Amino acid sequence: DVIITCCCRLPVTAIMVEYHVSVGTYNHSLYGADIYILSSEKRHELQYVYEPHLGPVTAMAVCGTTLASGSTDETIKVYDLVSQQEQGTLYEQKGTITDLQFFEGPEKTHLFSASEDGSIAIWDTKDWECVRVLRGHKGAVNSISIHPTGRLALSVGNDRTLRLWNLLTGRSGYTSKLKSVATLVQWLPNGESYAIAMGKLIQIISVADGKVSKEYSIDTPVLSMDFSSKSDILVVGHGDPKVQVIELSTGSALYTIEAHTARVRNVRLVPTKDAEYLVTSSSDGFIRTWMLPGKPKNLTLEDKLFEMKTGERLTCMSVLHANDTQEDKSDPQDDIPEDEESANKTTNKTGNGKQNTKKKTSMKRKTSDAEGKKTKQISKEGKKKKRRKEEKA
């Protein structure tokens, strides 16, 4: 059973925050709940508890009403959060699915999946066709991040490389050899810099000159990180129960949050008009919500706004703010394939690797008989059309 407990220290003047949180576990399960926090009350609505995978859940992503989860069983499961039905399974990559990221364009939305086999697959969420597979890493891809414009992507892998992908051409435009294996990569919200986590070290690298602008050392290996909407604060979850909050301009630690009793596996900032909220999850089985203080001060467990006890060993987390929209994305590119001329305007360096044609991909949709939906598979005619397009390209 899922047990919900609340702490009543919420300030009277606090503004409501509403979000959907999904977590994956070592026991193959998914938990999803809607969380509501007001100045007068705190409540939740448990939406689902699934056990869809044959192995631990290793990656999650949510966009609109769609949830995707990846596992050590080499599959990606897709769900509709409204109907609370599993929509099907994505098959393309071999090995553990290590990361999942959605990118929402004005007309199309794509799901990016990274795998232990060294590939990155791009899926069109309209029909769940695999439109492209990016290959270049010589080992597992550990983390991916899509630029706010949707034109570029970054990836890091066990081969100790950082790769910059031109999504308009599907080619690796730049490769950098790293001193050690990076486990995380993430663009800052302003798109002007990106962060790489390598063990206990976090580096902020400027796009303008490719140099390290800031460097932070953490006491234990970094497991998760997130940036404030203004790109001025970095929040770090690591192998310690405390969360580190760092000021990017000075590089100094502002304060710590005693968030859990075990290592903090995931951190996610939820911005609102009047405050910045933080959602954390841990190996101790708890999901907690915090409001970042206006002035730096250390927070303890007593300062939490809300907590949810799952009783599970949590592995990954995805948070969708109720007010998340597409409007704050600047000039997103909804169509992944583009012409070479447009691609060269996006990045100065372009790799010589050949574009990868897609392999046979299948998505089987499963829905309840009550809804009377028919099972849908990719048609042979659809595959022929895609092959003709690739030959023209």
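Use the structure listed above.
Parameters and conventions
- Residues numbered from 1 in each chain as written.
- Predicted model: local features only at pLDDT ≥ 70, side-chain atom pairs only at ≥ 80, totals over all residues.
- Heavy atoms only, no water.
- Helix = DSSP H or I, 4+ residues; strand = E, 2+ residues; numbered from the N terminus.
- Buried < 20%, exposed > 50% of the residue type's maximum accessible area, 1.4 Å probe, protein only.
- Contact = heavy atoms within 4.5 Å.
- Pairing = 2+ DSSP bridges.
- Axes fitted to C-alpha atoms, helices over the stretch in contact; angles between N-to-C directions.
- Core = buried A, V, L, I, M, F, W, Y, C linked by side-chain atoms within 4.5 Å.
- Salt bridge = Lys/Arg side-chain N within 4 Å of Asp/Glu carboxyl O.

Each helix and strand in the protein was counted, giving two helices and 30 strands. Looking at the 393 residues of the protein, the share that counts as buried comes to 54%. Sequence separation of at least 24 residues holds for 47% of the intrachain contacts in the protein that already meet a minimum separation of 6.

This part covers the sheet that holds strand β12 (residues 129–135). Strands belonging to one sheet form pairs held by backbone hydrogen bonds; the direction of such a pair is parallel or antiparallel. Reading across from one edge, β9-β10-β11-β12 is the order of the four strands in this open sheet, with antiparallel pairing throughout. The outermost strands of the open sheet, each flanked by one partner alone, are β9 (97–104) and β12. Across the sheet, the mean angle from the axis of one strand to that of its neighbour is 20°, orientation sign disregarded. Pairing of β9 with strand β10 (residues 109–115), which is carried by seven bridges, proceeds in the antiparallel orientation. From the neighbouring strand, F102 faces β10, where its bridge partner is L111.

Let's shift gears to the sheet that holds strand β29 (residues 314–321). Strands sit in the order β4-β3-β2-β29 across an open sheet of four strands; the sheet is antiparallel. The sheet is open, and its two edges are formed by β4 (42–50) and β29, each paired on a single side. Geometrically, the sheet is characterised by an average inter-axis angle of 20° between neighbouring strands, direction not taken into account. Bridging between strand β3 (residues 30–37) and β4 involves eight bridges; their strand directions are antiparallel. Each bridged residue has a counterpart across the sheet, and for Y36 the counterpart in β4 is R43.

The next thing to look at is the nonpolar core. Grouped together as the largest cluster of nonpolar side chains are 19 residues, with contacts concentrated most on Y19, V21, V23, I35, V279, I287 and V319. Of all the elements in the fold, those that place two or more residues in this core are β2 (17–25), β3, β26 (276–282), β28 (306–309) and β29. In terms of nonpolar packing, the next biggest core, distinct from the first, is built from 16 residues, A61, A68, I76 and L100 among them.

Turning our attention to the pattern of salt bridges. Scanning all chains against the criterion turns up six salt bridges. A salt bridge links D284 to R288; the nearest nitrogen and oxygen atoms lie 3.9 Å apart. Residue class for R288 comes out buried when judged on its relative accessible area of 5%. The partner of K304 in a salt bridge is E307, with the nearest N and O atoms 3.9 Å apart. E307 matches K304 in its accessibility class, with the two residues each being buried. Each member of the salt-bridge network shares a partner with another, and the members are D284, R288, K304 and E307.

Such coordinate-based values are descriptive only and should not be taken to indicate function.
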